[in-house]
Amino acid sequence: RPEESLYVANSQQIYYFLTNTNCPTPYVHNTLLFDQQHLAVLHIDSTQHIREILEKRPSYILQSGALPNLYLTRHLAANYTLQRTVENVKIWHIR
């Protein structure tokens, strides 16, 4: 639906293309927000950037495996419902 939005937390970025959805961050590849070497080189505060993404209240968040950011993990648990898991991708929907 046009009014719905998506954040691919630590899954494949191709989902933006497949769902015709814009990425809510300029850091499309998840390693730019979660890989310690990238964070150090780019001087990114990943938790602050995650907060900015979540303030946009994406309708769906996709997760593959464990999330590498505690703030994001807690926010998902408090504000989203696990709708389903397809293969190893968890699909969270905002409450």
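Here we summarise the structure given alongside this text. (Residues numbered from 1 in each chain as written. Predicted model: local features only at pLDDT ≥ 70, side-chain atom pairs only at ≥ 80, totals over all residues. Heavy atoms only, no water.)

What follows covers the packing of helix H4 (residues 46-55) against helix H5 (residues 70-79). Remark: H4 packs on H5, axes separated minimally by 9 Å, with the N-to-C direction vectors making an angle of 30°. Between H4 and H5, the crossing angle belongs to the class labelled roughly parallel. Facing Thr 47, Ile 50, Arg 51 and Leu 54 of H4, the residues of H5 in contact are Tyr 71, Leu 72 and His 75. Looking at side-chain class alone, the contact of H4 with H5 contains four nonpolar, two polar and one charged residues. (Axes fitted to C-alpha atoms, helices over the stretch in contact; angles between N-to-C directions. Helix = DSSP H or I, 4+ residues; strand = E, 2+ residues; numbered from the N terminus. Parallel < 35°, antiparallel > 145°, perpendicular 65-115°, else oblique. Contact = heavy atoms within 4.5 Å. Nonpolar A, V, L, I, M, F, W, Y, C, P; charged D, E, K, R; others polar.)

What follows concerns the sheet that holds strand S1 (residues 6-8). Taken in spatial order, the four strands make up an open sheet running S1-S2-S4-S3, and their pairing is mixed. A strand with exactly one partner marks an edge of an open sheet, and here the two such strands are S1 and strand S3 (80-86). Neighbour to neighbour, the strand axes of the sheet diverge by 25° on average, direction disregarded. Sitting on the sheet, H5 is in contact with S1, strand S2 (60-64), S3 and strand S4 (89-94), with an inclination near 100° to S3. (Pairing = 2+ DSSP bridges.)

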